[in-house]
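Below, each chain spelled out in residue letters.
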Amino acid sequence: MKKHNFSAGPCILPKEVLQKASEAVINFNGLDLSLVEISHRSPDFVAVMDKARDLVLELLDLKDKGYSALFLQGGASLEFLMVPYNLLPEGGKSSYLNTGTWSSKAIKEAKLFGEVVEIASSKDSNFNYIPKGYKVPDDVAYVHCTSNNTIFGTQMKEFPQTKDQLLVCDMSSDIFSRKLDFSQFDLIYAGAQKNMGPAGTTLVVVKDAILGKTGRKIPSMLDYQIHIDKDSMFNTPPVFPVYVSMLTLEWLKNMGGIEIIEKRNVEKANLLYSEIDNNPLFRGVAKKEDRSNMNVTFVLTDETKKDRFDQLWKAAGISGINGHRSVGGYRASIYNAMPLESVQVLVDAMRAV
Ligand SMILES: *Cc1c(COP(=O)(O)O)cnc(C)c1O
């Protein structure tokens, strides 16, 4: 039976991408060698890395605008400390918008490097909204925000306005899902496993001109400039996650790019949210204006129906919609590769309760 994978991460990837990737594990480019057993310095793999980096900048419309794309390791979680290491001058201050678990973790790491100003937080209501009307302090090196809050199901529609401060964004769970002016950001990072590929690589897109200004001594593996100088091959890169990410980016480009996927994502989200709003048995968790088009969080209004609903969605082949322990209820993650038909299957189960 076909499974409908609503997992929050690692998550669904396009079928044809998985098909191609599985073939490359056995016989890559007709070399009669596996993708995972050839040298990362071989021309065939270097071409994969170059193409992946190039597609990132092309899809984000950042080509020839002074940005570099890197495929690193350590997850988005390592970026929580690489960001202050590379961008915060000795004795300087940084500022963070606290919109959930991941922002809070980023703040914790930044505090190891200097004073952190929390410019706003929605912690008081279990992060079910995005704070607005905050002011960015003049004396901070950068502002950090999280564009989509995977656990709580909120998504930023507007970003902090900065002057001299750099703008840094964790886009792990909504990168390549919607059109934005990506050039407003100085640094973007995203763990691959939400909307791009398997776990094991982290995308970093950084404006070259912002680096080398902190006066800090940075260990080589944590230094963005070293990774840029080595074309994202300072050490052995995670070849399989990079290859699958490249295939996903190609899939996205062939489909028509971010504008097209955004239309589909809006359609899927509208279908699900309108059921949540119109079916008295369900209630959305996130404040309406801040709802995420990637992670849809909702609860039952009548807990006695839980067994029935759980039976229905399981019988329909749905997987991965149990809510995160800090929110409860349900979370349907409807990333780029999720087809509308799968969302319809979930809506049908909701209607049948
Ligand atoms: C999943 C997630 C992370 C953590 O990513 P890892 O790659 O597991 O370190 C960070 N930020 C956001 C928004 C996420 O969704």
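Details of the structure are given in the entry above.
Nothing here was measured: the structure is a model prediction, and the numbers come from that model.

(A) Structural detail: the site of the ligand. Around the ligand there are 13 residues in total, and Ser-77, Thr-150, Asp-170, Gln-193 and Lys-194 lie nearest to it. Thr-150 is positioned such that a nitrogen or oxygen atom in its side chain is 2.4 Å from an oxygen atom of the ligand. In the model, an oxygen atom of the ligand is placed 2.7 Å from a nitrogen or oxygen of the Lys-194 side chain. Relative to its unbound accessible area of 390 Å², the ligand is 88% covered by the protein chains. Of the residues forming the shell around the ligand, the biggest block, four residues, is contributed by helix α3 (residues 75-87). Tallied by class, the residues present in the shell around the ligand amount to three nonpolar, eight polar and two charged.

(B) Expanded view of the sheet that holds strand β14 (residues 330-333). Across the sheet, three strands lie side by side as β11-β12-β14; this open sheet has antiparallel pairing. Edge strands, defined here as strands with exactly one partner in the open sheet, are β11 (282-284) and β14. The sheet shows a mean angle of 35° between the axes of neighbouring strands, taken without regard to direction. Sheet strands in contact with helix α7 (residues 258-278) are β11, β12 (295-300) and β14, and its direction is about 20° off that of β12.

(C) Quick peek at the pattern of salt bridges. In the structure shown here, the tally under the stated rule is 17 salt bridges. Among the ionic pairs, Asp-61 bridges to Lys-65, the shortest N-O distance being 3.7 Å. The class of Lys-65 is partly exposed, set by a relative accessible area of 42%. Residue Glu-259 is joined to Lys-179 by a salt bridge in which the shortest nitrogen-to-oxygen separation is 3.6 Å. Here Lys-179 lies in the loop between β8 (166-170) and β9 (187-191) and Glu-259 lies in helix α7, a separation of 80 residues in the sequence. The partly exposed category is assigned to Lys-179, whose relative accessible area is 41%.

(D) Highlighting the layout of surface pockets. As a volume, the largest pocket reaches approximately 470 Å³. Ile-12, Leu-13, Lys-15, Ala-337 and Pro-339 are, among the 23 residues lining the largest pocket, the residues nearest its centre. When residues of the lining of the largest pocket are traced back to their parent elements, those giving at least two are β1 (4-5), α1 (15-26), α6 (239-255), α7 and α9 (340-352). Here the lining of the largest pocket gets four residues from one element, more than from any other, and that element is α7. Residues belonging to the lining of the largest pocket are distributed by class as follows: 12 nonpolar, four polar and seven charged. Here the lining of the largest pocket spans two domains, since at least three of its residues come from each of domain 1 (15-255) and domain 2 (257-351). There is about 240 Å³ of room inside the second largest pocket. Lining the second largest pocket are 15 residues, and of these Pro-131, Lys-132, Tyr-134, Glu-158 and Phe-159 sit closest to its centre. For the lining of the second largest pocket, the per-class residue count stands at seven nonpolar, three polar and five charged.

The rules behind each value
- Residues numbered from 1 in each chain as written.
- Predicted model: local features only at pLDDT ≥ 70, side-chain atom pairs only at ≥ 80, totals over all residues.
- Heavy atoms only, no water.
- Near = heavy atom within 4 Å.
- Polar contact = N/O pair within 3.5 Å; in protein donor to acceptor, adjacent residues only side chain to side chain.
- Areas by Shrake-Rupley, 256 points an atom, 1.4 Å probe, with all protein chains shown as cover.
- Helix = DSSP H or I, 4+ residues; strand = E, 2+ residues; numbered from the N terminus.
- Nonpolar A, V, L, I, M, F, W, Y, C, P; charged D, E, K, R; others polar.
- Pairing = 2+ DSSP bridges.
- Axes fitted to C-alpha atoms, helices over the stretch in contact; angles between N-to-C directions.
- Contact = heavy atoms within 4.5 Å.
- Salt bridge = Lys/Arg side-chain N within 4 Å of Asp/Glu carboxyl O.
- Buried < 20%, exposed > 50% of the residue type's maximum accessible area, 1.4 Å probe, protein only.
- 1 Å grid on protein atoms, 1.4 Å probe; cavity = no way out; pocket = protein on both sides within 12 Å on 5 of 7 lines; lining within 4 Å.
- Points joined across faces, edges and corners; volume = space filled by probe spheres on them.
- Domains from an automatic or database assignment.

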